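Structural description and commentary
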Amino acid sequence: MKFIAKLVSQYLLGVIGIILISSIPALFQKRYNFDPFTYFQSVGEVVYKIFTPSEWSFRLYLNYDYVERPLFAYVYDHYTYSMTILFSALFIALIVSFLLALSTFHLPSKPRKVIHRLLNGLEAFPDILFIFMLQMLVVWFYKYSGILLFEFVYLGEEKIYLSPILSLCILPTVLFYKVILLLFEEEWSKDYVQLAKSRGFSSMYILLQHCVRNIKRNLVIQSKPIIWATLSSLLVVEYLHNFYGIVRLIFFDSRPFTITVALVMIFTPFYIIFQFLEWSLKMNQSSPFENNERLLRGKKLFSGISFSRRVTIDKVSSQIYSFWEGWLKLLRKPKFVLGMLYIGGLAAASLVYSYFKDPNVERVGVFQDESGAYHAPPHPPGVLFLGSDTYGYPIFEMLASGAKYTILFSLLIALLRVLFGYILTIPYMFWLGERSRNAISKIADGMQFLPLSLIAYVLLVNVVLFDEDRRAMAESLIIPNVILEVIVLVVFVIPVTLNTIGRESNALLKSEYIQSSLLLGASKTRIFFSHISISLLPKIVYLLGQQMIQVLQVFVHLGVFGIFLGGGLKGQPDQSLIYEWTALFENMRIGIMTGQYWLIIPVLTLYILLILSIQAITRSVIEVQQRKIGIVSERPKKWKKNSAGSDGRPSEDITNKTHFTFL
């Protein structure tokens with residue numbers, strides 16, 4: 001009974017959070033003239049409607065007027081439609097990725113390295129590209145064979161399932177495959193595997209009977225960010241397939257109560273499933289602080305005065321040398337150097353271009369060339385370098401101008417997420433009790449079951465999107481719009497990053513050397529900054545790269561709906577005010593369907609290279625730091641057969657009989 005009451009209270013806590021989030025658009029009814037009274041009034045109205053089922057209505061724009069309809073008359077049918085597509089895609093992704101991991105795990109090391117690189121490359125592609133390519137494949141096959149493989153656009157007749165399920169399952173299949181393969185590799189290095197091999201068990205038997213059982217817990221944890229990404233993709237899938245599911249309900253009616261209903265119905269099934277999984281795996285049975293709670297009790301956070309004040313010249317020079325040595329090791333890695341050159345070079349070139357070119361982007365309309373021929377937008381690459389978009393804005397100038405915004409703001413948002421998570425880990429570990437930590441963990445888990453792209457769309461759609469006749473107002477609000485979007489994309493992810501870093505820190509606190517330091521009287525300051533932070537650095541770097549990639553994906557999703565960084569103008573298509581890269585992805589459908597590939601190939605190429613550069617830098621830093629703390633040993637130098645000896649001369653062949661004196 002106590003367990004059920006705990007589940008219900010945690011669920012209600014998640015619902016309260018959803019109500020508070022859903023009412024935030026009320027703050028922006030007058031754009032940036034915030035009115036807290038309106039916000040709390042909106043929260044009260046949502047709570048009142050929840051307890052008044054007779055007022056559960058849905059507003060539909062029909063025949064140039066808004067019409068009220070019973071809410072669940074719409075929700076029941078379309079909710080089951082969306083959830084069928086979502087859970088079918090996740091189920092297919094999990095099964096296919098598991099089978100692929102089993103079949104490729106025992107391949108030699110070189111083919112497995114190729115598979116990892118291929119998975120990293122596929123992860124770099126935006127998910128909307130998979131949707132367009134699948135639709136184009138159906139069109140191409142029908143054109144040349146006369147056979148329609150399946151319907152890929154809903155036209156108000158029979159519901160379509162196969163195309164949205166296949167489109168939605170591609171990205172989670174890649175992510176699940178990568179995670180399962182890495183978990184298998186980690187598990188295969190443990191001692192019990194060698195013991196099982198010595199007993200004569202086959203590799204497949206060990207993998208199925210032992211490794212699969214032991215990775216279940218980590219797989220459940222790793223599946224949450226994958227589901228989060230899939231939920232964000234569901235919004236794009238519904239939009240591009242033109243069917244109306246639970247996610248697109250908000251497009252018709254963006255009132256706080258409707259948003260609350262949609263988010264609660266998305267949150268509820270995942271909450272139930274993961275609570276059951278955690279209960280079955282007994283993941284939350286014991287407190288991570290149970291071994292050292294007594295040692296930590298009563299000690300102030302910065303109590304180690306003797307450690308913090310003893311800063312000598314030798315210690316400073318040692319830290320400078322260690323930092324410089326780490327950079328030298330990184331500079332020896334080609335993938336790190338290439339990644340830094342690409343990202344830093346693009347950002348610097350964009351800043352220099354914007355400084356010397358005014359205006360940054362000049363529209364090229366209808367013009368007559370030297371031969372007397374007239375050209376109208378969109379201009380192909382033969383007329384303009386890299387061509388232009390449908391309005392006549394040159395692709396090259398937009399890419400050159402928008403590179404700095406794409407790179408610097410995605411890095412800023414990811415850095416703020418990780419930085420706040422890292423700083424808040426200190427009170428999370430040393431000040432909060434077990435109940436408070438569990439509450440934060442549940443809030444973070446709940447946030448991972450809400451599509452971030454949908455939340456950002458709801459909060460920004462009525463603020464950053466303007467009509468063409470209000471261009472001057474839109475341009476004057478670019479900086480406030482950028483600040484607002486950064487805040488939205490940072491604040492709603494801080495609980496997730498805090499929970500991730502906090503869990504890793506709790507696990508490190510249970511290690512023997514930190515418990516020994518506590519027994520010897522080390523302060524929390526020294527423990528956190530001198531021990532835990534060093535061990536956390538590879539995880540933090542990985543999390544930073546992961547968050548930067550996720551920010552870019554969210555930018556792409558929002559760009560499909562015309563929600564651009566800094567604001568945008570409504571049109572066909574919508575237009576960005578600062579020409580940020582992901583805004584150009586809205587031209588993807590036009591470019592693919594009309595054969596005007598210059599609309600998408602340049603930005604797609606630069607975007608994929610940006611993701612691959614982030615992955616390369618992240619892996620390089622993690623490798624260096626893991627070797628520094630002893631997780632991975634330095635690779636021994638490989639010597640070729642008959643190579644030069646230690647004195648630099650060629651080594652002699654000792655198998656030659658003339659080199660021996662026989663007795």
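The structure we're discussing is the one just above.
The notes below deal with the structure included here. Keep in mind that this is a model prediction, so the values were computed, not measured.

**So, the packing of aromatic side chains**
The full count for this structure, using the stated rule, is 15 aromatic pairs. Ring geometry for Tyr-81 and Tyr-161: centres 5.2 Å apart, planes at 70°, overall edge-to-face. Here Tyr-81, found in helix H3 (residues 71-104), pairs with Tyr-161, found in the loop between helix H5 (127-145) and helix H6 (162-188); they are 80 residues apart in sequence, far enough to count as distant. Exposure remark for Tyr-81: the relative accessible area of 3% places this residue in the buried category. Classification of Tyr-161 by relative accessible area gives partly exposed; the value is 36%. Among the aromatic side chains, those forming a connected cluster through ring pairs are Phe-98, Phe-105, Phe-184 and Trp-188.

**As for the pattern of salt bridges**
Enumeration over the complete set of coordinates arrives at 2 salt bridges. Linking Lys-357 and Glu-362 is a salt bridge whose minimum nitrogen-to-oxygen distance equals 3.1 Å. Residue Lys-357 is classed as partly exposed on the basis of its relative accessible area, which comes to 21%. Residue class for Glu-362 comes out partly exposed when judged on its relative accessible area of 42%.

**Let's talk about the environment of Gly-568**
Summarising the element assignment, Gly-568 is placed in strand S6 (residues 568-569). By relative accessible area, which is 0% here, Gly-568 ends up buried. Put simply, Gly-568 and Glu-468 are 100 residues apart on the chain and 9.2 Å apart in space, counted from C-alpha to C-alpha. Setting aside residues no more than four positions away along its own chain, Gly-568 makes contact with Val-464, Leu-465, Phe-466, Gln-575, Ser-576 and Leu-577.

**Points about the sheet that holds strand S7 (residues 575-576)**
Taken together, the 3 strands give an open sheet; going across it, the order is S5-S6-S7, and neighbouring strands pair in mixed fashion. Every other strand in the sheet has two partners, leaving strand S5 (465-466) and S7 as the edge strands with one partner each. Here S6 runs beside S7; their pairing, made up of 2 bridges, is antiparallel. Looking across to S7, one finds that Gly-568 is bridged to Ser-576.

**A word on the environment of Leu-183**
Within the fold, Leu-183 resides in helix H6. Sequence separation between Leu-183 and Asn-214 is 31 residues; the distance between their C-alpha atoms is 9.4 Å. With near-sequence residues (within four places) excluded, Leu-183 lies in contact with Ile-215, Asn-218 and Leu-219.

**Let's talk about the packing of helix H15 (residues 395-430) against helix H20 (residues 494-509)**
Between H15 and H20, the least distance of the axes is 8 Å, while the angle of their chain directions is 50°. Classified by the angle their axes make, H15 and H20 are oblique. Helix-helix and strand crossings are classified by hand; for H15 and H20 the assignment is right-handed. Contacts between H15 and H20 involve Arg-417, Val-418, Phe-420, Gly-421, Tyr-422, Leu-424, Thr-425, Tyr-428 and Met-429 on the former and, on the latter, Ile-494, Thr-497, Leu-498, Asn-499, Ile-501, Gly-502, Ser-505, Asn-506 and Leu-509.

**Some words on a positive patch on the surface**
Taken together, the side chains of Lys-110, Lys-113, Arg-117 and Arg-619 define a basic patch exposed on the protein surface. Here Lys-113 is to be found in helix H4 (residues 109-124).

Analysis parameters
- Residues numbered from 1 in each chain as written.
- Predicted model: local features only at pLDDT ≥ 70, side-chain atom pairs only at ≥ 80, totals over all residues.
- Heavy atoms only, no water.
- Phe/Tyr/Trp six-rings, centres within 6.5 Å; stacked < 30°, edge-to-face > 60°.
- Helix = DSSP H or I, 4+ residues; strand = E, 2+ residues; numbered from the N terminus.
- Buried < 20%, exposed > 50% of the residue type's maximum accessible area, 1.4 Å probe, protein only.
- Salt bridge = Lys/Arg side-chain N within 4 Å of Asp/Glu carboxyl O.
- Contact = heavy atoms within 4.5 Å.
- Pairing = 2+ DSSP bridges.
- Axes fitted to C-alpha atoms, helices over the stretch in contact; angles between N-to-C directions.
- Parallel < 35°, antiparallel > 145°, perpendicular 65-115°, else oblique.
- Left-handed = near helix turned anticlockwise from the far one by under 90°.
- Patch = residues over 30% accessible without salt bridge, like charges linked within 9 Å, V, L, I, M, F, W, Y side chains within 5 Å.
- Areas by Shrake-Rupley, 256 points an atom, 1.4 Å probe, with all protein chains shown as cover.
- Lys, Arg positive; Asp, Glu negative; His and termini not counted.
- Charge placed at Lys NZ, Arg CZ, Asp CG, Glu CD.

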